[in-house]
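The chain contents come next:
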Amino acid sequence: MLLTTKQKQKYTSSDFDSINKYFIDYVNNTSNPFVAIDLETNGLDCFNNYILLCSLSTPNKSVVYDCTDINVLNHLTSILNYLNSNVTWLGHNIKFDYQFLKVKLNITLKKVYDTMIVFQKLFQGFKRSASLKDIAISLLKNTNEFIKEKEDYREYFMNWTFKNDFTHNQVLYAMSDTEILFKLKEMYSHFIKRYKMEYLINNIHNPLVIIIAELELRGIKLDEELVKKIYNENLEKIFELECKLDNELRTLRDTLLTKSDSIYLKGGRFDYIRKKPKKIENLDLFGEIVNNSKLPTKAGKSIEYINWNSSEQLLYILTALKEPVPTKSFEEVVPKFTKDFKIDKSIYDFTTEEKSLAEYLLKYPETPVKTLFNLLFEYREYQTEVERFGLNLIEKINIHTNAIHTKIIQAGSENGRFRSGGGKKEPNKINSQNIPRKEHFRRMFKARENYSMLTIDLAGAEVTIMSSKAQDTKLFELAMKGDIHSYLAQLGWRNIFKARKEEAKINNDIEEYSKNNILSNTFIVNKTTNSHIRQACKNLTFGSFYKVGAKKAGKTINVKQEEGQIYIDTIENEFPKTIEMINKNIEFAVGKYDKYGNLLKQGKGYIVLNEKTNSRKWFPEIIDSIKKDEKLSFANRVNCSNQAANIPISGTQADMIQEAMVLIDKYHKDNNIDAHILMQVHDELVIEFNDKYLEFYAEKIKQILCDTCNTYLTNIKMDADYHIAKYWKK
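Read on for an overview of the structure. None of the values given here were measured: they were computed from a predicted structure. (Residues numbered from 1 in each chain as written. Predicted model: local features only at pLDDT ≥ 70, side-chain atom pairs only at ≥ 80, totals over all residues. Heavy atoms only, no water.)

**Quick notes on the side chain of Gln433**
Link 1 in the chain: Take Gln433: it is sitting in the loop between strand 13 (419–420) and helix 14 (439–442).
Link 2 in the chain: Judged by relative accessible area, Gln433 falls into the buried class, the value being 15%.
Link 3 in the chain: Apart from residues lying up to four places away in sequence, Gln433 is in contact with Phe418, Arg419, Ser420, Gln680, Val681 and His682. (Helix = DSSP H or I, 4+ residues; strand = E, 2+ residues; numbered from the N terminus. Buried < 20%, exposed > 50% of the residue type's maximum accessible area, 1.4 Å probe, protein only. Contact = heavy atoms within 4.5 Å.)

**Structural notes on the sheet that holds strand 20 (residues 675–681)**
Link 1 in the chain: The four strands are arranged 20-21-15-22 in an open sheet whose pairing can be described as antiparallel. Strands with a single pairing partner mark the edges of an open sheet, and in this sheet they are strand 20 and strand 22 (719–725). Each strand of the sheet is rotated relative to its neighbour by a mean of 20 degrees, with strand direction disregarded.
Link 2 in the chain: Sheet topology places strand 20 next to strand 21 (residues 684–690); six bridges connect them, and they run antiparallel. The partner of Val681 across the bridge, within strand 21, is Glu684. (Pairing = 2+ DSSP bridges. Axes fitted to C-alpha atoms, helices over the stretch in contact; angles between N-to-C directions.)

**Details of the pairing of strand 5 (residues 88–91)**
Consecutive residues of a regular strand have side chains that alternate between opposite faces of the sheet.
Link 1 in the chain: Side chains Thr88 and Leu90 project from strand 5 onto one buried face, and the interleaved Trp89 and Gly91 project onto a second face that is buried too.
Link 2 in the chain: Where strand 2 (residues 34–41) lies against strand 5, three bridges are found, and the strand directions are parallel. The residue of strand 5 that forms the bridge with Phe34 is Thr88.
Link 3 in the chain: Direction of pairing for strand 5 relative to strand 6 (residues 112–114): parallel, over a ladder of three bridges. Across the sheet, residue Trp89 finds its bridge partner in strand 6, namely Val112.
Link 4 in the chain: Note that the unit made of strand 5, helix 3 (residues 94–105) and strand 6 has a crossover that is right-handed. (Right-handed = clockwise from strand over helix to strand, strands pointing away.)

**Points about the environment of Pro324**
Link 1 in the chain: Within the secondary structure, Pro324 is located in the loop between helix 11 (311–320) and strand 10 (325–326).
Link 2 in the chain: Along the chain, Pro324 and Tyr360 lie 36 residues apart, while their C-alpha atoms are 9.3 Å from each other.
Link 3 in the chain: When near neighbours in sequence (up to four residues on either side) are disregarded, Pro324 contacts Glu332, Val333, Val334 and Tyr360.

**Thoughts on the packing of aromatic side chains**
Link 1 in the chain: Within this structure, the stated rule accounts for 28 aromatic pairs.
Link 2 in the chain: Between Tyr606 and Trp618 the ring centres are 5.4 Å apart and the planes differ by 50 degrees, which places this aromatic pair in the tilted class. Of this pair, Tyr606 sits in strand 18 (residues 606–608) while Trp618 sits in strand 19 (residues 616–618), placing them 12 residues apart in sequence.
Link 3 in the chain: The exposure class of Trp618 is buried, given its relative accessible area of 10%.
Link 4 in the chain: By way of ring pairs, the aromatic residues Phe119, Phe123, Phe126, Phe191, Tyr195, Phe588, Tyr606 and Trp618 are connected into one cluster.
Link 5 in the chain: Lys104 extends its terminal NZ or CZ atom over the ring of Tyr50, reaching a point 5.3 Å from the ring centre.
Link 6 in the chain: Directly above the ring of Tyr606 sits Arg616, whose terminal nitrogen or CZ lies 4.1 Å from the centroid. (Phe/Tyr/Trp six-rings, centres within 6.5 Å; stacked < 30°, edge-to-face > 60°. Lys NZ or Arg CZ within 6 Å of the ring centre and 35° of its normal.)

**As for the pairing of strand 21**
Link 1 in the chain: A large share of strand 21 lies buried, amounting to seven of its seven residues.
Link 2 in the chain: Here strand 21 shows no split at all, with Glu684, Val686, Glu688 and Asn690 on one side and Leu685, Ile687 and Phe689 on the other all buried.
Link 3 in the chain: Here seven bridges tie strand 15 (residues 451–459) to strand 21, and the two strands are oriented antiparallel to one another. Bridging across to strand 21, Met453 finds its partner in Glu688.
Link 4 in the chain: In this structure, the hairpin formed by strand 20 and strand 21 is closed by a connection of two residues, where His682 is found at a positive phi of approximately 60 degrees.

Okay, here's the thing in structure tokens:
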């Protein structure tokens, strides 16, 4: 049924009364009633687009309201307000409907059940589309023509104008979505019960939908003047670094190359003295930074400087300098020029990515291009900041809210953590997970007038969760009371020196034996002594727990593979309880294999992340190999093992902070607290609160956060740090 007064079939007030009576009777005669809701709109932006149709369904009846008809819209608003106090709203990606209803009709849905989110949590790890169309076809085997042709109907609504009327098929399409939702909910209930995920779904993720919807709608204020100031400072720094890079290249050219070899780096861009641009705040039509590598001259021609942001130009420079360049096959090769002065890439695939260049520096710390590379790293850092967080950030300010907004992907990741950003469809939505942790960037995001920002961060969440799961108090105490990275780096390197001492003894190398004997007992690593070694070893602290290979470990700390294994063994021997816990997880999920790769015990193909929520991560590669009775490939086994080691930790961390968000929001509502969650970034929450709560608010939130986390832990307690400021402070 389509409710409209614009077409031939007109509805009277008595028709609306009859429909209202149906919904009222349904509520009164149903225990725990659900009403499915789905909106058809002419776009994704609830501030700038319109609601066209609204479909409401019970298990037995569907009604479609023509929201372009003001009379119908008034009746719809009335029944929505009644139902809102009495039902749970059932929807697929219901956050979308929630936001349109709030902005357009001033209706705030109170309780929701999202079939998209539930699907994603039940089958976390399966790389399946969560669209209603694909779920209906794969789970319900629904081949309804309106489901199969969903994109065609959506395209019509996207191009809709007020001159259009709705066809019979478009109305049936609008109804088809809500009718399917009850079947999905019924099917999900069996999985939820089987996997014991009632608490996760009902107490965390469905309530979380509303919190995220509100977070996205509210947005966060931007200090525009500070953005411009930082942008200009970064451009100044970029210009300074470009000049240093130019000079360093000329020095390398003049000292390393013969006169005949240096011709590749002579004249033109290689010898122009870079001039500072007069205007450094230009944006193009798309809000991108104007490239300053070309500047007009008086004659109208252009001077082209070296573009240090160009990987091709950098590769040309390194080739001309006759310096080895990393390849994607993990070699270092000196590129050659072809006869037409192009770089020969017929054999090797060269890379100038920062990670590869940094590993090159670790391997060859005395390379003549060391200064050039370090300047380049700094330059790239500032260049990235300008491109991502320059004046184009101001372009993302919403004219309706005078704030910038993000989009949260609640349940799309392998470990359950949030992802964010609008992508290509909604480029005006920022990726809040990707904002640098530097204070000058975080200062850009400011509190509203008469409000402050609370930034609260779990202290050592990863090691705390790991220690609790393994009941490894040694790991916890080292991490909380000391510098675990220095401790392990020093111990690992002393063991490497011991191995080198034994090798020298076998080779009868007295000098090497004596040197390594001293180092094996006296070598120091801390934040001031051999700090570069500490920095290189940091990734191996947890990497060793998460099954990093000896080859990669050796590459990370610039030693041979056998010594990389010594470093891994050092960490594993220090924390046998943690290693035992992780190995049990891997054996449960992936299986047990002998050293030849033969399967000794079949894995389950999933891992339960914690006993409180029973969140689980599936491994479709393993399940597929079991179904087909095929051997799991070595690459898949390694990848699944790494995930089985890591995800119970990171996934539990996600559950903790997401449940805390629900409980913090409940505290706000129960006590009428004027405060709003603005962002959640990994294990950090950013909350805006009224200044009248300054005396007690932060401690109360810390209590809720830590108490929530501690319900996931045994014999070990979580702590949190917080800051209060007029901006996002870290």
